[in-house]
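# Notes for the structure review
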Amino acid sequence: MIRYSRHASERMIERGISSNEVEDAIRKGSTEMQGSKMLHHYRHFTAVTIRINKDTFVITVMLRC
């Protein structure tokens, strides 16, 4: 299951990125490990996640430059 932090939800609204796009980023984007975090690069943004048990927890969503 994919869960979203309040911060990630706020950034998504602010940046016009839907939960469907974030889920596509997690499934289809190029993935890079950064410590315990995973960065999912997709289209014009990056979704940052961590795994908690069997869930994927979205920490934030950033626009790519």
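An account of the accompanying structure is given in this report.

Basis of the calculations
Residue numbering note: each chain is counted from 1, following its sequence as written. Totals for whole chains, interfaces and linings use all residues, but because this is a predicted model, local features are given only for residues with pLDDT of at least 70 and pairs of side-chain atoms are given and counted only at 80 or more. Hydrogens and waters are ignored; side-chain quantities use all the structure's heavy atoms. When DSSP finds two or more bridges between two strands, those strands count as paired. Labels follow the DSSP assignment, with helices taken as runs of H or I lasting at least four residues and strands as runs of E lasting at least two, numbered in each case from the N terminus. Relative accessibility under 20% of the residue-type maximum defines a buried residue, over 50% an exposed one, and the middle range a partly exposed one, all with a 1.4 Å probe and only protein chains included. Throughout, the arc means the angular range of directions from the helix axis out to the C-beta atoms. Residues count as neighbours in contact if any of their non-hydrogen atoms are within 4.5 Å of one another.

## Considering the pairing of strand β2 (residues 30–34)
Walk down a regular strand and you will see the side chains alternate between the two sheet faces. Across five bridges, the pairing between β2 and strand β3 (residues 37–42) is antiparallel. Considered in β3, the bridge of Met33 is made with Met38. Once β2 ends, the chain turns through two residues before running back antiparallel as β3, passing Gly35 with a positive phi of about 65°.

## As for helix α1 (residues 6–15)
Looking at α1, one finds that the buried residues are Ala8, Arg11 and Met12. Angularly, the buried residues of α1 cover 105° about the axis, an arc narrow enough to put them on a single face. Within α1, the exposed residues directed more than 90 degrees away from the buried face are Arg6, Ile13 and Glu14. On its buried face, α1 sits against β1 (2–4), α2 (19–28) and β5 (55–63). Directly beyond the C-terminal end of α1, a positive phi value near 70° is found at Gly16.

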